[in-house]
Amino acid sequence: MSKIRILVGTRKGAFIITADAQRKNWQIDGPHFGGWEIYHVAGSPVNPNRIYASQTSDWFGQIIQRSDDGGKTWQQPGTPPGEPEPSQDDPPAQSNKFAYDISEDTGKPLTTHQWYDGTPHPWEFKRVWHLEPCHSDVDVVYAGVEDAALFRSSDGGENWSELAGLRGHSTGMEWQPGAGGMCLHTILLDKNFPERLYVAISAAGAFRSDDCGETWRTITNGLVSDYIPDPTGEIGHCVHRLGMHPSNPDVIYMQKHWDVMRSDDRGDNWHEVSGNLPSDFGFPIAVHAHEPSTIYVIPIKSDSEHYPPEGKLRVYRSRGGGNEWEALTNGLPQRDCYVNVLRDAMAIDTLDECGIYFGTTGGQIYCSPDSGDNWTTVTANLPAVLSVEVQTLG
Amino acid sequence: MIRVFLPYHLRTLAQCDAEVKIDVEPPCTAANLIDALERTYPSLRGAILELESRQRRPKIRFFACKEDISHAAMDKPLPEGIVNGDEPFMIVGAISGG
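Here the residue index of a chain counts from 1 through its sequence in written order. The order in which chains are written sets their letters, starting at A; the order in which ligands are written sets their numbers, starting at 1. In keeping with the predicted nature of the model, local features appear solely for residues at pLDDT of at least 70, side-chain atom pairs appear and are counted solely at 80 or more, and the whole-chain, interface and lining totals rest on all residues.

Caption draft 1: A look at the overall build of chain B. A run of H or I in DSSP counts as a helix once it spans at least four residues, and a run of E counts as a strand once it spans at least two, with each numbered from the N terminus. In terms of helices and strands, chain B carries three helices and five strands. Reading chain B from its N end, one meets helices and strands in the order β-α-β-α-β-β-α-β. Only C-alpha atoms enter the radius of gyration; for comparison, a globular chain is expected to reach 2.2 Å times N to the power 0.38, where N is the number of residues. Against the 2.2 N^0.38 benchmark of 13 Å for 98 residues, chain B shows a C-alpha radius of gyration of 12 Å, consistent with a compact globule. Expressed along its principal axes, the backbone C-alpha trace of chain B runs to roughly 35 × 25 × 25 Å. Labels follow a simple rule on C-beta atoms placed from the backbone: if 20 or more others lie within 10 Å of a residue's own, it is buried; if 12 or fewer, it is exposed; otherwise it is partly exposed. Here chain B, with 98 residues, has 30% of them falling under the buried criterion. Here, residue contact means that the backbone-derived C-beta atoms of the two residues sit within 7 Å. Taking as baseline every contact in chain B between residues at least 6 positions apart, the subset at least 24 positions apart corresponds to 55%.

What follows is the structure, given as structure tokens:
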């Protein structure tokens, strides 16, 4: 029988939550890494028991954790816990080394981007926001980091190298941070076309590579952000999240600061599909597991409040790829609710009756086992939720 | 053996007690002490000193015999009380709520 495993990253640790396919009786395991910020926890599509976690701290820096038994035990890749270095001659794994490529080989030893006030600011690694394991190789995993850059590991997270062509894009020195920092927070891998990757950066925009990350192009044509100096510029758009269905990879959905967007040509051109949504803001966007044109967003009020409009926590579903949206409220709080749902905090399972999951900054995890029609509270009192991923097992 | 006191988060990372004892090759300096600590507990590599620069992380301080030596040279010999094991070398994270 199938089983569901929810991987939750919070401000104070990671949690692993499991249930059978009924999705009613949940077992909560954790906190793992209690007290540490866990920005993202992601499982490998190749081997679901291979799970990566980004553990981070303003005091102690970045740690990458890996489990090979579904989250029961963890280690920093290449550094088994409790074991000293085997010898000084044996070069240690450097799973927490994210060094920007400043070599001449890139042709552009980039040293600055723009700060909030437009002055040059050096690139400084702060943390890993997002981990994206490869569809075909269990040891290949990508990391999106702040300050915005894309890293790749081909040895299960033991060592990382930058795909420097992204920062080497002609606009790289003009990128500026968003309110949460200049983070590369979204990585989409097209499993039908393995050479193709998409990334999104706040607040530089969205980019696509068709050559395994060597070279990149902006994919922002059609985006409009009225409150930036150049509303239709090539960069500067605060993209919050991208979504794609593997059976229809030419169609990309985007939730950005100001509007929900859709592209039918792999991001080359975008048009707005916000339709009747109650706000122009939100963070996550997700696509139904079996219906490529059914998409989900969670409207949030902005520019500064960042809580649900009218205090009603509503997921909105469009069955036609946008424009016409229905509010899904059954089981969700419809008064006095002032939580936020962050960009990495919504996920979809792949059971026949597709399940939708999201976590809030108030520490609630909600599940709909019927594509959004009805919602139940998985757990209500976790630390602020930063990320939610779901694995469908068996 | 040199006694080293670790803050909570580093204990959980290294899966060790609050105080650990390590051998430090002479001269007993902060640099050699951290090197020895990282060899014994590789999971701490990069969590106390920056990986590349080997600079102390900004929100970490070092205390020896009740004195703040955070800004002393890393290759300066540590006080006798640390060397003979009377006092622990204290690695302290900046106090902050949240």
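Caption draft 2: Spotlight on the overall build of chain A. Scanning chain A for helices and strands turns up zero helices and 29 strands. Reported as C-alpha extents along the three principal axes, the dimensions of chain A are approximately 60 × 50 × 40 Å. Evaluated residue by residue, chain A yields a buried proportion of 52% over its 394 residues.

Caption draft 3: Representation of the sheet that holds strand 23 (residues 315-318) of chain A within the structure. Residues and elements named next belong to chain A. Strand pairing is assigned whenever DSSP detects at least two bridges linking the two strands. The four strands lie next to each other as 21-22-23-24, forming an open sheet whose pairing is antiparallel. Across the chains shown, the open sheet's two edge strands, defined by having one partner strand only, are strand 21 (282-287) and strand 24 (326-328). Within the sheet, the average angular offset between the axes of one strand and its neighbour, ignoring direction, is 30°. Axis definition: a line fitted to C-alpha atoms, over the contacting stretch in the case of helices. Angles run 0 to 180 degrees between N-to-C directions.

Caption draft 4: Quick look at the interface of chain A and chain B. Facing 20 residues of chain A, the contacting portion of chain B comprises 20 residues. Gly falls in the polar group here, along with every residue not listed as nonpolar (Ala, Val, Leu, Ile, Met, Phe, Trp, Tyr, Cys, Pro) or charged (Asp, Glu, Lys, Arg). Split into classes, the residues belonging to the side of chain A that touches chain B amount to eight nonpolar, nine polar and three charged.

Caption draft 5: Structural detail: the sheet that holds strand 26 (residues 356-359) of chain A. Residues and elements named next belong to chain A. Spatially, the four strands line up as an open sheet ordered 25-26-27-28, and their pairing is antiparallel. In the strand order of this sheet, the two ends are held by strand 25 (346-348) and strand 28 (376-379), each with one partner. Taking each pair of neighbouring strands and ignoring which way they run, the sheet shows an average axis angle of 25°. Sheet topology note: the strand 25/strand 26 ladder contains three bridges and is antiparallel. Following the sheet pairing, Met346 is matched in strand 26 by Phe358.

Caption draft 6: Structural context of the environment of B:Asp23. Residues and elements named next belong to chain B. Relative to the helices and strands, Asp23 is located in the loop between strand 2 (19-22) and helix 2 (30-40). We classify Asp23 as exposed; it has 9 C-beta atoms within 10 Å. In this structure, the C-alpha to C-alpha distance between Asp23 and Ile91, residues 68 residues apart in sequence, is 17 Å. In contact with Asp23, other than residues within four places in its own chain, are Met1 and Ala36.

Caption draft 7: Quick look at the nonpolar core. Residues and elements named next belong to chain A. Buried Ala, Val, Leu, Ile, Met, Phe, Trp, Tyr and Cys residues form a nonpolar core when they are connected through C-beta atoms within 7 Å. Membership of the largest hydrophobic core comes to 131 residues, with the highest contact counts inside it found for Val8, Val199, Met254, Met346, Tyr357, Ile365 and Val388. Here this core gets five residues from one element, more than from any other, and that element is strand 14 (residues 197-202). Not counting the four nearest positions on each side in its chain, Tyr357 is found in contact with Ile6, Met346, Ala347, Ile365, Tyr366, Cys367, Val388 and Val390.

Caption draft 8: Structural view of unusual backbone geometry. With omega at -5°, the peptide bond leading from A:Glu146 into A:Asp147 counts as cis. Residue B:Pro27 follows B:Pro26 across a cis peptide bond; omega there is 0°. Relative to the helices and strands, B:Pro27 is located in the loop between strand 2 and helix 2. Not every positive phi belongs to a glycine, and A:Trp258 is a case in point at roughly 80°. With respect to the helices and strands, A:Trp258 occurs in the loop between strand 18 (252-256) and strand 19 (260-263). Here the phi dihedral of A:Asn323 falls at roughly 75°; this positive angle occurs in a residue that is not glycine.

Caption draft 9: Spotlight on helix 2 of chain B. All names here are of chain B. Every buried residue of helix 2 is accounted for by Ala30, Leu33, Ile34, Leu37 and Glu38. All buried residues of helix 2 fall inside an arc of 130° around its axis, so they share one side. Where helix 2 is buried, its residues meet strand 1 (2-5), strand 2, strand 3 (60-64) and strand 5 (89-93). The directions considered for the arc are those from the helix axis to the C-beta atoms.

Caption draft 10: Inspection of the pairing of strand 3 (residues 27-32) of chain A at higher detail. Residue and element names in this part refer to chain A. Judged from the four bridges that link them, strand 2 (residues 13-20) and strand 3 form a sheet pairing that is antiparallel. Bridged to Thr18 within strand 3 is Gln27. Taking the residues between adjacent antiparallel strands as the criterion, strand 2 and strand 3 are bridged by six residues, where Arg23 takes a positive phi near 60°.

Caption draft 11: Local environment of the environment of B:Pro27. Residues and elements named next belong to chain B. When the 12 C-beta atoms within 10 Å are taken as the criterion, Pro27 is described as exposed. Taking the C-alpha atoms as reference points, Pro27 and Asp75, 48 residues apart in sequence, are found 8.5 Å from one another. In this structure, Pro27 is in contact with Asn32 and Pro77, ignoring residues within four places of it in sequence.

Caption draft 12: Inspection of the pairing of strand 17 (residues 239-244) of chain A at higher detail. Residues and elements named next belong to chain A. Burial of strand 17 is extensive: six of the six residues sit out of reach of the surface. In terms of strand pairing, strand 17 meets strand 18 through five bridges, oriented antiparallel. Its bridge partner being in strand 18, Arg241 is matched across the sheet by Gln255.

Caption draft 13: Examining the environment of A:Ala327 more closely. All names here are of chain A. As for its placement among the helices and strands, Ala327 is situated in strand 24. For the pair Ala327 and Gln62, spaced 265 residues apart in sequence, the C-alpha separation works out to 39 Å. The contact partners of Ala327, leaving out residues within four places of it in the chain, are Arg314 and Tyr316.

Caption draft 14: Representation of the confidence of the model for chain B. Residue and element names in this part refer to chain B. Confidence per residue, as judged by the predictor, is encoded in pLDDT with a range of 0 to 100. Summary statistics for chain B give a mean pLDDT of 94 and a share of 98% for residues scoring 70 or more. Across chain B, strand 1 holds the top mean pLDDT of 98, while helix 1 (residues 8-14) sits lowest at 94. Model confidence for the complex: the whole-complex pTM is 0.95, and ipTM, which rates the interface, is 0.93.

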